[in-house]
Amino acid sequence: MKMHFCIPLSQQRPDAMGGRYVLYSVYLDGFLFCKVRYSQLHRWNEQLRRVFGNSLPPFPPKHYLAMTAAMAEERRDQLERYLQNVTADPRVMRSDVFTEFLTLVQMHTLNVTTKQAALDVFLPNGKSINVEVLTSDTAERVLEVVAQKLGLYPELLGYFGLFLIRCFSEGKLSVVKKLADFELPHTALQSSEAEDWKIGLRKWYLDPALDSMLMDCRAAGDLLYMQAVQDIEIEWVKPTQVQREELKALQEKENQTEFLERSQEVWHYGYIQLDPCTCNHPEPGCAVVLSIGNNEISCCVTLPDGQTQNIAFQMSRVKCWQVTFLGTLLDTEGPQRTLNQNLELRFQYSEDSQQQWFVVYTKQAFFLSSCLKKMISEKMTKLAEENPEMQIEVPEQGRSKKQPNQPKDYFNFLRKSKTKKVEDDCVWGTLTEGGL
């Protein structure tokens, strides 16, 4: 599936020959990823084409004469589309050409050199594990180092991920983003805007039934237990009073296996909860807390009169969604690390033969979109396993066989790009994602 790359900002800079060039600010999941020139991306595309040929998406052509403002805007939009589309091919994302270039541009943007560094990776029990890494080590590599130190089986790495997490003094936490395999954890942490951000290890799947795949590994079982305990403590999981007392007794007995079995019976077990935000349903301006997991978007909506209403949207009825950034980036010389203001995620929902748009206004819109994609991927994997004769494509697992008769609306990506020039070389736009 496509990744959340966007280029909302470009700047003209003088070059050594007295001319000018355009520097593009590339954001991933709403965070500044790198700043690159067209010529750098052009050389990268040529390297990729030598490996993958014409299977790559089209790259915007060179212009040998001065570009007009409209041409410059068209190129910016084309580069944004290229970055989104090239990441849709798992073969490309696994290649050395892909990873090495993105590693270099991250380091160059933040003036980072390769050297040994100590990195604290926080576990769900609040403790941390210290690992020796290189500043140029990707999240994939750091996860391998952490797994080896914990005794986690290598074949189970895909069930876990490294996250940028914000921790609060009262014990609450907020998942800021899931680090992509090619991101640099040490660099991401050093460039973060808040001192209370940490790199955390958590499971990265939203189907609670997948717990059974990990239980033969002691380290994996320990991690699941830690996270289950933490999720109850921070009230992401909602046990009844009876369930809470039973789980507490099992915790005191250190009976991890039965604790996890009982936890799976609790409402919202295995879900990820987002920070409080607002939505447009059942009326505009309602406060809402979203929990995502088990193939649904669970919403606890607070109505204007103070009453609460629980609404669950099944992913099988979500047709598509889009993330929209409607802010402006005016400080072209500042760090501009995030696009987490003025974000919305809207999804189209089908119920009783009617289509409606549910809009969520949240600074975690990109992470919410990642969770929706994860649930689709898990659903497709399950369908592929249950129906091997259908040869259903599972993009995140790198399977290449397609089925002409895929379930209706799967991977029906919606693209509705709209950009507008608002301040010299500053632009804003709409980044779009697809759904079930």
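Above this text you will find the structure in question.
Calculation notes
Residues numbered from 1 in each chain as written. Predicted model: local features only at pLDDT ≥ 70, side-chain atom pairs only at ≥ 80, totals over all residues. Heavy atoms only, no water. Pairing = 2+ DSSP bridges. Helix = DSSP H or I, 4+ residues; strand = E, 2+ residues; numbered from the N terminus. Axes fitted to C-alpha atoms, helices over the stretch in contact; angles between N-to-C directions. Contact = heavy atoms within 4.5 Å. Parallel < 35°, antiparallel > 145°, perpendicular 65-115°, else oblique. Left-handed = near helix turned anticlockwise from the far one by under 90°. Salt bridge = Lys/Arg side-chain N within 4 Å of Asp/Glu carboxyl O. Buried < 20%, exposed > 50% of the residue type's maximum accessible area, 1.4 Å probe, protein only.

> Describe the sheet that holds strand β6 (residues 160-167), with residues and values.
Sheet architecture is open: five strands sit in the order β5-β4-β8-β6-β7, paired in mixed fashion. With one partner strand each, in any of the chains shown, β5 (128-134) and β7 (173-178) form the two edges of the open sheet. Pairwise comparison of adjacent strand axes, ignoring direction, gives a mean angle of 45° for this sheet. Alignment of strand β4 (residues 116-122) against strand β8 (residues 197-203), held across two bridges, turns out to be parallel. From the neighbouring strand, phenylalanine 122 faces β8, where its bridge partner is glycine 200. Lying on the sheet, helix α5 (residues 139-150) is in contact with β4, β5, β6 and β8; it crosses β5 at an angle near 130°.

> How would you summarise the packing of helix α7 (residues 218-233) against helix α9 (residues 256-263) if you had to cite specific residues and measurements?
Running from amino to carboxyl end, α7 crosses α9 at an angle of 50°, the nearest separation of the two axes being 10 Å. The angle between α7 and α9 places the two elements in the oblique class. Considering the relative orientation of α7 and α9, their crossing is left-handed. Along its contact with α7, which presents Gly221, Asp222, Leu224, Tyr225, Ala228, Val229 and Ile232, the element α9 presents Gln256, Phe259, Leu260 and Ser263.

> Run through the pattern of salt bridges, naming residues and quoting values.
For the coordinates displayed, the defined rule picks out 16 salt bridges. Among the salt bridges present, the one from arginine 141 reaches glutamate 144, with a minimum N-O distance of 3.4 Å. Here glutamate 144 and arginine 141 lie together in helix α5, a separation of three residues that amounts to about one turn. Note on arginine 141: relative accessible area 41%, which makes it partly exposed. With a shortest N-O distance of 3.1 Å, aspartate 196 and arginine 166 are connected by a salt bridge.

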